[in-house]
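For reference, the chains in residue letters:
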Amino acid sequence: GGAFEPKVFKPEFKDYQAVYNEIAKLLQEHDEYDDGSYGPVLVRLAWHASGTYDKESGTGGSNGATMRFAPESQHGANAGLINARNFLEPVKAKFPWISYSDLWILGGVCSIQEMMGPKIPYRPGRADRDMSSCTPDGRLPDASQGPRHVRDIFYRMGFNDQEIVALAGAHALGRCHTQNSGFEGPWTFSPTVLTNDYYKLLLGSKWQWRKWDGPKQYEDKETKTLMMLPADMAFIEDKEFKKTVEKYAADNDLFFKDFSAVIVKLFELGVPYTDKSETFVFKNLDE
Ligand code: HEM
């Protein structure tokens, strides 16, 4: 190039790994949150950034990070995700070259791997957009509904029944908060470790309606400490969904393999990749 050509920083694998390491380090340091980890809420941010995708119009998806702006930040489904966005602000300040859209997805990838989940291959290439690209309310699933609604929402993104069930296994992580969704409690006994426990509990526990003032949710009869949403119950109410629940309950390796594949698909919905886009597989902090 000529002498006066501006030097453009082209991040490589090592640069993205440095961002990964920074997020992983902050996850360890900030163990004051919830069950000791920001991991679950970071996974939820990456999912809600991606899950607005509409395959017909090509709108929504993780490309844009439009949840930074109202009205999308104010959508009921996104309540509480400010905690995840704020957690990532110091990372953005330290690595200003990464887009918010790529950073939020990297936050999800890092959290899944650091919570002992499978490797999640990552492709950067998302560009931030302005508030004119905010999606309309109502694109994310409504937890009080059943199989029909769950299918409508995920078919709109382009997923099939097996993929929907694989994605739902993420509810092994984290919990519901009355101040966010109105629902309350965790799905599993180890909400900061990814396992196939969600499926095992769906099939293996007795579920009854919780008697309380809050929205209709299930509790496990034995300990009354775990919960299922009406939309979670869809996966055993529906015969087709239930077949896949049984496969994942019996085989954690199969769940990990399918979960990794389907979450990569979710995170890449609507992202305008080129032939030159590279895929990275990050080392965990302890590797
Ligand atoms: C949390 C609904 C699918 C990941 C939640 C909460 C609700 C919910 C109501 C509680 C939010 C709160 O009160 O803080 C649903 C419904 C789904 C669905 C109705 C589809 C039928 C998914 C998918 C993923 C996911 C596909 C990821 C792949 C999570 C995680 C949390 C969560 C990790 C815990 C967040 C935390 O601990 O702060 N979900 N979800 N969910 N969801 Fe889902």
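The structure presented is a predicted model; accordingly, all values stated were derived computationally and were not measured.

Cut-off values and rules
Residues numbered from 1 in each chain as written. Predicted model: local features only at pLDDT ≥ 70, side-chain atom pairs only at ≥ 80, totals over all residues. Heavy atoms only, no water. Near = heavy atom within 4 Å. Polar contact = N/O pair within 3.5 Å; in protein donor to acceptor, adjacent residues only side chain to side chain. Helix = DSSP H or I, 4+ residues; strand = E, 2+ residues; numbered from the N terminus. Nonpolar A, V, L, I, M, F, W, Y, C, P; charged D, E, K, R; others polar. Domains from an automatic or database assignment. Expected span 1.5 Å × (residues − 1). Buried < 20%, exposed > 50% of the residue type's maximum accessible area, 1.4 Å probe, protein only. Contact = heavy atoms within 4.5 Å. 1 Å grid on protein atoms, 1.4 Å probe; cavity = no way out; pocket = protein on both sides within 12 Å on 5 of 7 lines; lining within 4 Å. Points joined across faces, edges and corners; volume = space filled by probe spheres on them. Donors = N, O, S within 2.8 Å, 3.2 Å for Na, K, Ca; no water. Pairing = 2+ DSSP bridges. Buried area = accessible area lost by both parts, 1.4 Å probe. Salt bridge = Lys/Arg side-chain N within 4 Å of Asp/Glu carboxyl O.

A. Expanded view of the site of the ligand. The ligand sits among 22 residues. The nearest are His171, Arg175, His177, Asn180 and Ser181. At 2.6 Å from an oxygen atom of the ligand is found a side-chain nitrogen or oxygen belonging to Ser181. Elements represented by at least two residues in the shell around the ligand include exactly α2 (39-50), α5 (147-157) and β1 (175-176). With four residues, α2 is the single largest residue contributor to the shell around the ligand. Among the residues forming the shell around the ligand, the class breakdown is 15 nonpolar, five polar and two charged. Both domain 1 (13-139) and domain 2 (147-262) contribute no fewer than three residues apiece to the shell around the ligand.

B. Representation of α2 in the model. An ideal rise of 1.5 Å per residue puts 16 Å on 12 residues; α2 measures up with 17 Å between its terminal C-alpha atoms. Extensive coverage of α2 is indicated by the burial of 11 of its 12 residues. Where α2 is concerned, the buried positions are Gly39, Pro40, Val41, Leu42, Val43, Leu45, Ala46, Trp47, His48, Ala49 and Ser50. Of the surrounding secondary structure, the elements contacted by the buried residues of α2 are α1 (13-29), α3 (82-94), α4 (100-114), α5 and α10 (252-267).

C. Quick look at empty space enclosed by the protein. If you walk through the whole model with that rule in mind, you get three cavities of 30 Å³ or more. The computed volume of the largest cavity comes to approximately 40 Å³. For the largest cavity, the full set of lining residues is Ala49, Thr52, Gly60, Gly61, Ala65, Thr66, Met67, Glu72, Trp104 and Thr135. Class assignment for the residues of the lining of the largest cavity results in four nonpolar, five polar and one charged.

D. Main features of the coordination of the iron atom of the ligand. Within the protein, a single donor atom binds the iron atom of the ligand, namely His171 (NE2) at 2.1 Å. Tracing the chain through its elements places His171 in the loop between α6 (161-168) and β1.

E. Inspection of the sheet that holds strand β4 (residues 218-220) at higher detail. Pairing in this open sheet of three strands is antiparallel, and the strands run β3-β4-β5 from one edge to the other. One side of each edge strand has no neighbouring strand; the edge strands of this open sheet are β3 (207-209) and β5 (227-228). Across two bridges, β4 lies against β5 in antiparallel orientation. Residue pairing for β5: Glu219 is matched across the bridge by Met227.

F. A look at the domain arrangement of the protein. Under the domain assignment used here, the protein contains domain 1 (13-139) and domain 2 (147-262). Using C-alpha coordinates to define each centre, domain 1 is positioned 22 Å away from domain 2. Between domain 1 and domain 2, the contact holds 24 residues from the first and 18 residues from the second. Overall, the association of domain 1 and domain 2 removes approximately 1700 Å² of surface from exposure, summing both partners, and the carbon and sulfur fraction of that is 62%. On the domain 1 side of the interface with domain 2, the three residues burying the most area are Asp35, Met115 and Pro118, jointly 28% of the side's total. The salt bridge partner of Asp35 is Arg175, with a shortest N-O separation of 2.8 Å. On the surface where domain 1 and domain 2 come into contact, there are nine residue pairs in polar contact (both at pLDDT 80 or more). Broken down by element, the side of domain 1 that touches domain 2 gets its largest block of residues, three residues, from α2.

G. Here's a closer look at unusual backbone geometry. The residue after Ala70, namely Pro71, is reached through a cis peptide bond having omega 10°. Note that Pro71 resides in the loop between α2 and α3. With a phi close to 50°, Ala65 is a non-glycine residue in the positive phi region. By the element assignment, Ala65 lies in the loop between α2 and α3. For Ala65, a relative accessible area of 3% gives the class buried. Even without being glycine, Met116 reaches a positive phi, approximately 70°. Within the secondary structure layout, Met116 lies in the loop between α4 and α5.

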